Amino acid sequence: MGSDIVQTLLDGLLVGSLYASVAIGITLVFGLLGILNFAHGEFFTIGAFITFVITTSYNVNFLIALLVAATAVAILAFVLEKLVFRFCTEDHLVGLAASLGLVLILQNAIAAIWSPNPRYLDPVFNTTLKVLGLSIPSQRLFVMIVSVALIGMFYLFLQYTKTGKAIRAMAQNREAASLMGIKTSSVNIVVFSLGGVLAAIAGALFATLFAITPFMGSVPLMKGFVLTVLGGLGSVPGAILAGLLVGTAESFGSRFLSAAFRDGYGFIILIVTLLVLPRGLLGKRGRERV
Amino acid sequence: MNRAFWIILIVLLLVGLVLPVLPMNDYIMYLIILVMLHSILAVSMNLLIGYTGLFTLAHAAFYGLGAYISALLTMKGGLPFWESLIPMLLIVAFMALIIGYPSLRFTSGIYFALVTFGFGELIRLIVANWYDVTGGSQGLRINYVPFGSREGYYYTILIILVGTMLGVRWFLRTKIGRGCLAIREDETLAESLGINLLKYKLITFILGSCIAALAGAFYAPFMRFINPDMLNVNMSVNLIGAIFLGGIGTTFGPLVGSIIFVALPEVLRVAGTWRLVILGATIVVTVMLMKKGIVGSFSKGSPIMIISKKEMVRGTKKQVAKKQTVEQSLPPIE
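Fair warning: this is a prediction, and the values are worked out from it, not measured in the lab.

**Focus: the overall build of chain B**
Scanning chain B from terminus to terminus reveals 15 helices and two strands. For chain B, with 334 residues in total, the buried portion stands at 52%. Contacts spanning at least 24 positions in sequence make up 79% of the contacts within chain B whose residues lie at least 6 apart. Split by element, the accessible area of chain B, about 15600 Å² in all, is 67% carbon and sulfur.

Okay, structure coming up:
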């Protein structure tokens, strides 16, 4: 029983850290540009597809493929920011509608190019670790370590580098940040590209465990929205905390209650949290004042 | 604005009445009905998003609920289809009340969107997992036929669509409707003017959700098959896309958006898998060029002008007259 609980917990943390990697990009783009970017899920899908194509057709090491995929998605995010999102910041709805159009374009272009059939990527590790009576597939452990390391690195980047501080300053107050000499347009690009990279890596990692389809991005996207709001809009630590919370709730719920209702547990947490803390777990407190 | 509304509506109604007489194949008829059902949904969602500023993502859930409840009442409850509509609307109104009260009481804006998203997905998951009653993700086959012919079906949907549009227009002129417009413009100001935010929002939310449920109830016998995908949040998101594309907060915007969203992919069928890519590109380009949506960019006034200029002038004149009489009754200032 005890080992069962630990295993479920590890599973939850694994899924939670993947969700959190997607949510970080969403929360930052929303915090900085005010755009609820539905196309973020496509970064996840494209990351998985490029990794798949490179590893299977060129027989390259998974990590190299991962880097190529991350770079490609960063470039894509950069181009999208330059071409579309840059012109959609004055109204929440314009950005949202444009991103919906982009979802249609990207999703169906992927389906047209690579066909909508599910694909499976061979795991990098095939062994199973046995520690203290637990049996953990190495692949799952690998995915968990990489995604946790990724989130940790990003957090440190936000806390200690100059660009990271600029991003946080802009999330707090855009005008003040720009008065302090922060070039807001370049920070936007950085945020878009880095968010894309995080999502692409999460997608590639996800692909080593689950099926790859052109529509695989929609579930992490929705979870990403849930986490973004659950954690408090624009708050990266909030998104991480919410990711781990929802991930564990889902894995415990589906292990001990009902597996079919898996997606529901996150929503219950979301609803209850928002009714008690209307601005999310780590969002600003109190009512808006005039 | 007012005259333009009636002219467009009457032209559309005439075209709508004549359409089934023209020789056309079943497929086009099917498409037109689909567009009209989508328009009813879009018009009702526009009431919430465009006129009241309530960013709901549970709209598709209510649409699906309407279809399921009406189908279950008819097939398992033994009611005739038409009689199933009233208990269905009562159940949906009650559910909208249960969901709307806490959501509207405690959250607003983007948080409200996500809470309704959560509720909507919960409803979808319950429908998808309650095998004994709903048939689960396999869906439900509909075996009743409320209409003798496709024309009868067509005209009923047309009446509901026109009725919804007129109803929304009428609603926005009532005290509550005007209150909703004020809420959308500035919640704090509206509240300070004595508008009961929660009550007005709740009434609009229930009304909009019931219209969506009605559209769902008619969708079920039309498609002869329903499944939990109807309740998917993607449907709500697509509706927002359609409303925005057509022009948010405009009378005919939801109609134009629905036509593009439903009909364009069918017209582009020759392009195969790429047709949705073309639709996506159309949306992105339109949105970037016309930020108020298609209808919003063409109409001269601001998209919020539901009350005609004449009426506003009349209102101002009344106020001016009132002010003058008040001034006259005051003693002159020395």
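**Topic: the nonpolar core**
If you look at the biggest cluster of nonpolar residues, it comprises 205 residues, and the most contacted ones within it are Phe38 of chain A together with Leu37, Phe62, Phe218 and Ile226 of chain B. Counting residues per element, this core draws most heavily on helix α2 (residues 26-51) of chain B, which supplies 17 residues. With five residues, the next largest nonpolar core counts Ile183, Ala190, Ile195 and Leu197 of chain B among its residues.

**Here's the deal with the pattern of salt bridges**
This structure, assessed with the given rule, holds seven salt bridges over all chains. The partner of Arg140 of chain A in a salt bridge is Asp11 of chain A, and the shortest N-O contact between them spans 2.7 Å. Residue Arg140 of chain A is found in helix α5 (residues 138-160), and its partner Asp11 of chain A is found in helix α1 (residues 2-33); the two are separated by 129 residues along the sequence. Take Arg140 of chain A: its relative accessible area is 25%, and that puts it in the partly exposed class. Overall, Asp11 of chain A belongs to the partly exposed group, its relative accessible area being 33%. Across the pair Arg184 of chain B and Glu185 of chain B runs a salt bridge whose closest N-O atoms are separated by 2.9 Å.

**A word on the side chain of Thr116 of chain B**
Mapped onto the secondary structure, Thr116 of chain B falls in helix α5 (residues 109-129). Apart from residues lying up to four places away in sequence, Thr116 of chain B is in contact with Phe55, Thr56, Leu57, Ala58 and Phe205 of chain B.

**Concerning a nonpolar patch on the surface**
Side chains of Trp6, Ile10, Leu13, Leu14, Leu17, Val18, Val21, Leu22 and Leu166 of chain B sit close together on the surface and give an oily, nonpolar patch of about 790 Å² of accessible area. Examining the composition of the nonpolar patch, we find that six residues originate from one element, helix α1 (residues 2-18) of chain B, more than from any other.

**Thoughts on the interface of chain A and chain B**
Contact with chain A, which involves 43 residues of that partner, is made by 38 residues of chain B. The contact between chain A and chain B buries some 3500 Å² in all, and 84% of this surface belongs to carbon and sulfur atoms. When residues of chain A are sorted by the area they lose upon contact with chain B, Leu93, Ile271 and Leu275 of chain A head the list and together hold 16% of the total. On the surface where chain A and chain B come into contact, there are zero salt bridges. Taken together, the connections running from chain A to chain B amount to zero residue pairs in polar contact (both at pLDDT 80 or more). Here the side of chain A that touches chain B gets 15 residues from one element, more than from any other, and that element is helix α4 (residues 92-114) of chain A. Split into classes, the residues belonging to the side of chain A that touches chain B amount to 35 nonpolar, four polar and four charged.

**A look at the environment of Phe267 of chain A**
Within the secondary structure layout, Phe267 of chain A lies in helix α11 (residues 262-276). Exposure remark for Phe267 of chain A: the relative accessible area of 5% places this residue in the buried category. Sequence spacing of Phe267 of chain A and Leu227 of chain A is 40 residues, and the spatial spacing of their C-alpha atoms is 9.9 Å. Among residues more than four places away in sequence, those in contact with Phe267 of chain A are Val226 of chain A together with Phe117, Gly118, Glu121, Leu122 and Leu125 of chain B.

**Structural notes on the confidence of the model for chain B**
Considering every residue of chain B, the mean pLDDT works out to 83; 89% of them sit at 70 or more. Quick note on the complex model: pTM equals 0.83, ipTM equals 0.79.

**Here we look at the pairing of strand β2 (residues 134-137) of chain A**
Residues and elements named next belong to chain A. Side chains Leu134 and Ile136 of β2 all project onto a buried face; the interleaved residues Ser135 and Pro137 project onto a face where none is buried. Relative to β2, strand β1 (residues 128-131) is paired through four bridges, and the arrangement is antiparallel. The residue bridging Leu129 from the neighbouring strand is Ile136, located in β2.

**Remarks on the environment of Gly25 of chain A**
Residue and element names in this part refer to chain A. Following the sequence through the fold, Gly25 ends up in helix α1. Judged by its relative accessible area of 2%, Gly25 falls in the buried class. Taking the C-alpha atoms as reference, Gly25 lies 19 Å from Phe215; in sequence the two are 190 residues apart. With residues near it in sequence (within four places) discarded, Gly25 still touches His40 and Gly195.

**A few points about the packing of aromatic side chains**
Within this structure, the stated rule accounts for 20 aromatic pairs over all chains. Ring centres 4.8 Å apart and planes at 35 degrees place the aromatic pair Phe206 of chain A and Phe210 of chain A in the tilted group. Note on Phe206 of chain A: relative accessible area 19%, which makes it buried. Among the aromatic residues, those joined into a cluster by ring pairs are Tyr27, Tyr30, Tyr153 and Phe222 of chain B. Lying over the aromatic face of Phe267 of chain A, Lys223 of chain A brings its terminal NZ or CZ to 5.9 Å of the ring centre. Over the aromatic face of Phe256 of chain A sits the side chain of Arg255 of chain A, whose NZ or CZ is 5.2 Å from the ring centroid.

Definitions and cut-offs
- Residues numbered from 1 in each chain as written.
- Chains lettered and ligands numbered in written order.
- Predicted model: local features only at pLDDT ≥ 70, side-chain atom pairs only at ≥ 80, totals over all residues.
- Heavy atoms only, no water.
- Helix = DSSP H or I, 4+ residues; strand = E, 2+ residues; numbered from the N terminus.
- Buried < 20%, exposed > 50% of the residue type's maximum accessible area, 1.4 Å probe, protein only.
- Contact = heavy atoms within 4.5 Å.
- Areas by Shrake-Rupley, 256 points an atom, 1.4 Å probe, with all protein chains shown as cover.
- Core = buried A, V, L, I, M, F, W, Y, C linked by side-chain atoms within 4.5 Å.
- Salt bridge = Lys/Arg side-chain N within 4 Å of Asp/Glu carboxyl O.
- Patch = residues over 30% accessible without salt bridge, like charges linked within 9 Å, V, L, I, M, F, W, Y side chains within 5 Å.
- Buried area = accessible area lost by both parts, 1.4 Å probe.
- Polar contact = N/O pair within 3.5 Å; in protein donor to acceptor, adjacent residues only side chain to side chain.
- Nonpolar A, V, L, I, M, F, W, Y, C, P; charged D, E, K, R; others polar.
- pLDDT = per-residue confidence, 0-100.
- Pairing = 2+ DSSP bridges.
- Phe/Tyr/Trp six-rings, centres within 6.5 Å; stacked < 30°, edge-to-face > 60°.
- Lys NZ or Arg CZ within 6 Å of the ring centre and 35° of its normal.

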